[in-house]
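# Architecture and fold: a report
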Amino acid sequence: MSDSATALVAEGTVDNGRRTWIAITCGVGAVGGIATAVPFVSTFSPSERAKAAGAPVQVDISALKPGEKLTVEWRGKPVWILRRTPEQLESLKKTESQVADPNSDRTQYPTPDYAKNVHRSIKPEFFVGVGICSHLGCSPSDKFQTGAQPSLPDDWQGGFLCPCHGSTFDIAGRVFKNKPAPDNLEVPPHMYLSDAVLLIGEDKKA
Ligand code: FES
């Protein structure tokens, strides 16, 4: 991957109910910090904008705390980066038998090999997924609180609820059985450039 192909535009929010951060990062071959704002894409030429729209996005995840979720935009899609707590990771054992495709074998949205595991991620702690329901494209809502609550089962372990037709996903984006959504949430190609920096949209060096 050359620097010139690394134009990035990322807009993200971290919202854990206590605070919201807005992050805008943009540049060529640059790594944007969560609170960094640099020249925006509107200053690009049309060809630069087209390249930026399809380019991988670099995200600084160093400030993300356990239980927090960051949303960035990649190719017009919301991509979630959730730093899971030990309890959330533990919940995946409980949901294993309740989800429709526990090993991410279905191929409509192929899961990269490095995420074909119970936590559906490279590092167990960090879930990286496209926040678009595999049914008709709504964006599911965070439902991290466990236990009984409206539209969710009494033994809810935390995950995501699609408000459109009620599909539910566990904290690894695995769809529960007998829901309208046919597939797990998509895991986009991604890789770590360092412990602090994630690259979304590309998973191997050119
Ligand atoms: S769009 Fe998500 S359940 Fe229909």
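Residues numbered from 1 in each chain as written. Predicted model: local features only at pLDDT ≥ 70, side-chain atom pairs only at ≥ 80, totals over all residues. Heavy atoms only, no water.

### Brief notes about the packing of aromatic side chains
Tallied over the full model, the rule gives 4 aromatic pairs. Both rings, one in Trp-80 and one in Phe-160, keep their centres 4.5 Å apart while their planes meet at 25 degrees; by these two values the pair is stacked. Here Phe-160 lies in strand E8 (residues 159–161) and Trp-80 lies in strand E5 (residues 77–83), a separation of 80 residues in the sequence. For Phe-160, a relative accessible area of 0% translates into the label buried. One aromatic cluster is present, built from ring pairs that chain together Trp-80, Phe-144 and Phe-160. Taking the ring centre of Tyr-192 as reference, the NZ or CZ of Lys-123 above it sits at 4.2 Å. (Phe/Tyr/Trp six-rings, centres within 6.5 Å; stacked < 30°, edge-to-face > 60°. Helix = DSSP H or I, 4+ residues; strand = E, 2+ residues; numbered from the N terminus. Buried < 20%, exposed > 50% of the residue type's maximum accessible area, 1.4 Å probe, protein only. Lys NZ or Arg CZ within 6 Å of the ring centre and 35° of its normal.)

### Topic: the environment of Asp-154
Along the chain, Asp-154 turns up in the loop between strand E7 (141–143) and E8. When its relative accessible area of 65% is taken as the criterion, Asp-154 is described as exposed. With residues up to four places along the chain from it excluded, the contact list for Asp-154 reads Gly-147 and Ala-148. (Contact = heavy atoms within 4.5 Å.)

### Focus: the sheet that holds strand E11 (residues 197–200)
Overall, antiparallel pairing links the 3 strands, which are arranged E3-E11-E10 in an open sheet. Whereas interior strands pair on both sides, the edge strands pair on one side only; in this sheet they are strand E3 (57–60) and strand E10 (190–192). Ignoring strand direction, the axes of neighbouring strands in this sheet form an average angle of 20 degrees. Inspection of the sheet shows E10 paired to E11 by 3 bridges, in the antiparallel sense. Across the sheet, the residue bridging to Met-191 is Leu-199, located in E11. (Pairing = 2+ DSSP bridges. Axes fitted to C-alpha atoms, helices over the stretch in contact; angles between N-to-C directions.)

### Quick look at the pattern of salt bridges
Scanning the model with the defined rule gives 9 salt bridges in all. Here Lys-93 ties to Glu-90 by a salt bridge, and the two come within 3.2 Å at their closest N and O atoms. Within this pair, Lys-93 and its partner Glu-90 are both found in helix H2 (residues 86–95), separated by 3 residues, close to a single helical turn. Among the salt bridges present, the one from Arg-174 reaches Asp-170, with a minimum N-O distance of 2.8 Å. Taken individually, Arg-174 and Asp-170 each receive the classification buried, so the pair is uniform in this respect. Because the salt bridges share partners, they merge into one network encompassing Glu-96, Asp-170 and Arg-174. (Salt bridge = Lys/Arg side-chain N within 4 Å of Asp/Glu carboxyl O.)

### Looking at unusual backbone geometry
Of note, the phi angle at Ser-104 is positive, near 55 degrees, even though the residue is not glycine. By the secondary structure assignment, Ser-104 is in the loop between H2 and strand E6 (126–130). Owing to a relative accessible area of 1%, Ser-104 belongs among the buried residues under this scheme. One non-glycine residue, Ser-151, lies in the positive phi region at around 70 degrees. A relative accessible area of 62% places Ser-151 in the exposed class.

### Some words on the pairing of strand E4 (residues 69–74)
Most of E4 is tucked away, with 5 of its 6 residues classed as buried. Inspection of the sheet shows E4 paired to E5 by 6 bridges, in the antiparallel sense. Directly across from Thr-71, in E5, lies its bridge partner Trp-80.

### As for the confidence of the model for the chain
Mean pLDDT for the chain: 82, with 74% of residues reaching 70 or above. Scored below 50 in pLDDT, residues 1–40 makes 100 contacts in the model with residues more than four places away or belonging to other chains. (pLDDT = per-residue confidence, 0-100.)

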